[in-house]
Amino acid sequence: MAESVLSFVLRQLSTFLREEGRLLGGLQQEVQFIMDELEQMRAFLQEAEAKEEDAQPTLQQWIKQVRDAAYDTEDILDEFVARFARHDATGFYGYVRRIFSSIKNLRARHRVASQIQSIKSRIESISAGHQRYQSEYGISAQASNSLSAVNNTTWRYSRDDALLVEEDKLVGIDQPKKHLISKLLKGDDYQLKVVSVVGMGGIGKTTLVKKVHEDPEVRRHFPVRAWVTVSQTCDFRELLKDLIRQLHKGGEKPVPQSIESSNTTELKEIMKDFLQQDGRYAIVFDDVWDVEFWNTIKFALPESRRGNRVMLTTRRADVASASCIESRRFVYRMEPLSVEDSRTLFCPWPFDGCCQSGFLASKDVNRIDEWEMVRRSLGGELEGTGKLDRVKKILSLSYNDLPGHLKTCLLYTSIFPEDHKIACSRLINLWIAERFVEWRKDMSIEDVALGYLSELVNRSLIQVTKVFYEGTPSDCRIHDLLREVILLKSREQNMVTVTTGQPMMWPSEKVRRLVVHSSSSNNTQHHQQRRSYCFDHLRSFVTVGSTDPLLSKTLLSEVLGSSKLLKVLDLRGQETQEEIPNEIFNLFRLQYLNLCGTRVERVPNAIGKLQHLEYLNLADTRVRELPMAILKLQKLRFLKVYQQVDSSDDDYGYHGFKAPSNMGGLLALEILHSIDASSGSTIIKEIGKLSQLRELYITKLRKEDGKELCSSLANLTSLRELSVASIGKGDDYEIIDLNHHHPSLSSSSSSSFLQSLRMLILRGRLEKMPQWVAHLHGLVRIDLDWSRLRGEEDPLESLQHLPNLVSINLCGSYQGEGLCFKAGGFLMLKRLHLKRMEALRWMRVEEGALPRLQKLFLQQLPLLEELPLGIQHLSNLQRLSLYETSSQLREKVLENQKEETEDYTGIAHIPEILIGYYTDDRKWRHRSLWAKKKIT
C-alpha cells in the first residue's frame, strides 16, 4: 500500500534528478533531502503495513501522511518540469523567448521553492513519527517482508478448519481426488515421485490433498505418512522435529530424544536414515511459498526403491515445477468449480428455496433482487467487519507476499471491470506508461513488464485465458473475489478513481487516475446535473468499454481543460471519437496516447508537440497516413496504425499507413505496425535504420523490393515478430520475393540473419519458400497465407526440422493434392491449422511425426474426404476441429460416434472433436462430440 506508493515515487524522483535535476538549481539539495528521508521510512513501512489492519488509528494516519507527502512531492516536481523544461528554441527567437520566460516565471520559480520547503518541513515532522512508531511497535528499520503474528495465527486456524470438513459436504472433489490418487499409486516403484497441487488462495488445495492423503487405499499403500504445514514464516527446525515425530509414530518406533538438541543438518540426517530403513512413505508439505524450501528439504528425502511419494500444495507455479524437476513431473492445477458444482455448493437440496452456504444462507433463492444485492455488496463484506473477512485474509496473504513493484502492478488491474477480458499488451503498456516498470540493463522495458505479468501469473494472482503464441499471453483476467480485495486496497491508497457517469462526489483526496467504465443505465438525465470538477493532479484518464458518448465527451473536455500533468490518455474503443481534440497537443508530459478503435481519420502536424510521447496506438482507426511532424517524436517506442482489410475475415490482413520518406529517423521505435511499402524502395531502406525494432509489420510490398527488404532485415538483430504482406487480396496477391541469399547465410552454423525471430507471417504468393526460413532455429510460430505453393514446393520440407516450432497456420498456402508429415519431423509442434486448400485430397502422418500435437484444425478443405491416415499415432491430440469440411468426411465422423464397435481411422483416443458447418440455407451448425475414450 503506502510502501509500494513510496517505492514508486522514489523511483520517479530518482529519474527526475537524473534527467531534469539541472533545472532545479539550488533546490536540488532540498529534493535530495526529501528523497533520503522517504527512503529511510520505506523499509519501516514494509513491516508496518503488515500490521496496519491491527494497528491503532494513529499508525494508520501516519502511513497515510507518508503516502500523501510522497504524492505531493511528485506533483510539485512535475509541475516544475511542465513549466520550465519546454523552452528549447534556438537562435535569436529562442534567446528572446528564454529571457521572456525567465522574467515571467520568476514568481513561479519562487513558489516552487516555497512548496519544496513546505514539503521538507512535513517530511521532518513525519520522520519524528517514524522514530516514535519504530519504538512503539518494535519494528526495526531493516524490516523484512514477514507478516504479523496475528495474521499468521488467523491463517493457521483457517487451514485447520479446512482439514476438518466432512467429505460428504464437499463439492466437486470426486474427480480431482480420483485423478490424484491414480497419480500417486501408479508408476515405477524405483523413483521418488512428487505431485504438486497449485492454485490461488482459498480454492481448496489443502482440503483436496487432505482427502487424498486420508483415503483408505492411499493409507494401505503408504503405512508411513506425515503432514506438515509450511506457511510463509515457518521455523524450519521445528518443522523437521514435527515431521520426525509423525514418521516415527507412523512407523511405530520411538522418537529419538536427540532431536530436541539437534541442529537442522542433524535433523535432516535423522529423518533420512529413518526413511531409508522403513517402508513406503507419503509426506504432504502444505502451503509452500518459495522454491528455497524445497531445495532445502529434498536432501532429507531418500530415493530408495519403494515408490515413495511427496505431495505439495502451493500458490506459486514455480514452486510446483521446481519440486517436480528431479522426479517424474506432475503438476495439478486447481480450477474453480463448474457452474453445476457451484449450484450444488450453494443449494445442496433442490426445491427447498434457500441457500446453505455461509452468509448466503438467509437469502431466498427465488428473489433475484436479493442475489443482485449480494453481488453488489461483496466489496463491503470484505472490508474487515463483514462475513467474508476470513476470505479477505486468505487472499491478502498472496498480496502481502509480493514485492512493492508487483503490488503496484496488481492494484492497477482495478481499472478493469468485473469479468473483463484484459488484453495483456494493453495492461503491460499501461504499466510502462505509469512508470511502474523499472528499466533493467540489457533488457527491453516490454520484456521486464512481461516478466512482471509472468510472476503474477506464477503466483496465481492473474489467470491467463488466451495465448498469442507459445510463452506469450494474449488475454488474462482477475478472479472476482481477488478483484474485490484489490479494489479495497486500491481505494485505501487513492490509486484509482472509477466512475460510470452516475452523479457522485469525487473523493476528498486528489484524483490521480480516473477510469470511466461503460454503464448499462442511461446517464443522459445526469449530464445537466454535473458540475466542473478539478483534475489538477490527474495523471491518467482511461476509458474501458464503449462508454456513453455524451458523458465521455463532457468528461474528456473537463479533463483536458484542467489536467496539464496528464501522462496517460487511453480512449480505446470510443467509436464516437472522430478527431483528436486539439487540447491533447498541449499536454507536454503526455507519454501514452491510445485511440485504438476510434473513428479518427487524421493526425495533424500538432502531434509533433508531444515530445515525451512513447506510445501511440491508432490501430483499427481510419488513419492511413502520418504527417512529417511525427519525426519529432524521438522518444516514440510504440507505433500502431492499421485497419483490417475485411472486418469479417482476418485472413486478408491489414491496410497500413503511408509514412514520411525519412521514417528511419525514429531511432527509438521498437514496435511498428503496419507500414505501407507501396511507395517503393526508399521506405524499405529507412526500415533498415530502425535497429531497435522488435515487431515489424509491412503491407503492400512490391516484388521488386524483396531484395532490398532482406538487406534491411539483416540490420534488425532484435526482431522477434515479422509480418510481410504483398499488394492485393486473396488470389490477387502479388508475389513476395524474399528468397535472396544474404552474405550472413553463407555459413549456416554462424548465421545471424533473423535469428531472434519468434513469429513469422508471410501473406501473399510465394514462388518458393525463402531458404533462410529453414535456419530460423528460434521460430515458434509461422503463418503462411495465400502462398499458393505448387505441389513440388511442399511447405513442410523447410519447416519440419525447426527445433522450437510450436504453431503452424497455413491458409491458401498449398496447391498440391496431399501433405505428408514424415517420421521425426515437427517434434515440438502443438498446434496445426490447415485452411482454404481447395486441392488437398489426402493427408498422412507417419509414426514418429508430430509427437506433441495437441490441437488439429481442418477448415474449408472441400476435397478432403478422409481423416489423416495415421491419425492414431497422434497420442497427445486433445482436440480435433473440423470446420466447413466435405460432407462425406463430416458424415463419417458423425456416424462413428454412433457405433459401439468400430473406431473410424483411430480417433477414439481424442478427448474432444468439434464439427462446424453451414447448412444449405447458410445457417451455421456447431457440434461438440466427445470420443468414447477420454484421457484423464
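Located above this text is the structure these notes cover.
Residues numbered from 1 in each chain as written. Predicted model: local features only at pLDDT ≥ 70, side-chain atom pairs only at ≥ 80, totals over all residues. Heavy atoms only, no water.

Participant: So what about the sheet that holds strand 5 (residues 330-333)? Which residues, and what values?
Facilitator: Strands in a sheet are paired, the pairing made by backbone hydrogen bonds, and the direction either parallel or antiparallel. One open sheet accounts for five strands, arranged 2-3-4-1-5; its pairing is parallel. Every other strand in the sheet has two partners, leaving strand 2 (224-229) and strand 5 as the edge strands with one partner each. When strand polarity is set aside, the average angle formed by the axes of neighbouring strands in this sheet is 15°. Two strands pair when backbone bridges link them, and strand 2 and strand 3 (residues 281-288) are joined in this way by six bridges, in the parallel orientation. Its bridge partner lying in strand 3, tryptophan 227 is registered against valine 284. Docked against the sheet, helix 13 (residues 317-324) engages strand 1 (193-198), strand 3, strand 4 (309-314) and strand 5, running at close to 170° with respect to strand 1. (Pairing = 2+ DSSP bridges. Helix = DSSP H or I, 4+ residues; strand = E, 2+ residues; numbered from the N terminus. Axes fitted to C-alpha atoms, helices over the stretch in contact; angles between N-to-C directions. Contact = heavy atoms within 4.5 Å.)

Participant: Please set out the nonpolar core residue by residue, giving values where relevant.
Facilitator: Residues Phe541, Leu569, Leu639, Leu672, Leu696, Leu760 and Phe821 are the most contacted members of the largest nonpolar core, which totals 113 residues. Here this core takes four residues from helix 21 (residues 549-562), the largest share from any one element. The contacts of leucine 760, once residues within four sequence positions are left out, are Leu722, Trp772, Val773, Leu776, Leu779, Arg781, Ile782 and Asp783. Ranked by size, the runner-up nonpolar core spans 74 residues in total, among them Val9, Ile123, Cys424 and Val542. (Core = buried A, V, L, I, M, F, W, Y, C linked by side-chain atoms within 4.5 Å. Buried < 20%, exposed > 50% of the residue type's maximum accessible area, 1.4 Å probe, protein only.)

Participant: Tell me what's going on with the sheet that holds strand 7 (residues 463-469), and back it up with residues and numbers.
Facilitator: Overall, antiparallel pairing links the three strands, which are arranged 6-8-7 in an open sheet. In this open sheet, the two edge strands, each paired with only one partner strand, are strand 6 (422-423) and strand 7. Judged from the five bridges that link them, strand 7 and strand 8 (residues 472-477) form a sheet pairing that is antiparallel. Along strand 8, the bridge assignment pairs tyrosine 469 with threonine 472.

Participant: I'd like a description of the environment of glutamate 470, backed by residues and values.
Facilitator: Turning to its location among the elements, glutamate 470 is positioned in the loop between strand 7 and strand 8. C-alpha separation for the pair glutamate 470 and asparagine 804, spaced 334 residues apart in sequence, amounts to 9.7 Å. Apart from the residues lying within four places of it in its own chain, the contact partners of glutamate 470 are Val780, Val806 and Lys830.

Participant: Explain the pattern of salt bridges to me, and be specific about the residues and the numbers.
Facilitator: All told, the structure shown has 41 salt bridges when counted by the stated rule. Between aspartate 72 and arginine 122 there is a salt bridge whose closest N-O contact spans 2.9 Å. With aspartate 72 in helix 3 (residues 57-84) and arginine 122 in helix 5 (residues 106-136), this pair connects stretches of sequence that are 50 residues apart. By relative accessible area, which is 14% here, aspartate 72 ends up buried. The closest approach of N and O atoms between lysine 892 and glutamate 866, which form a salt bridge, is 2.2 Å. You can see lysine 892 sitting in helix 24 (residues 887-898) and its partner glutamate 866 sitting in the loop between strand 26 (855-859) and strand 27 (879-883), a full 26 residues away along the chain. According to the relative accessible area criterion, lysine 892 is partly exposed, its value standing at 33%. Residue glutamate 866 is classed as partly exposed on the basis of its relative accessible area of 35%. The network of salt bridges with common partners includes Arg435, Glu446, Glu614, Arg637, Glu670 and Arg694. (Salt bridge = Lys/Arg side-chain N within 4 Å of Asp/Glu carboxyl O.)

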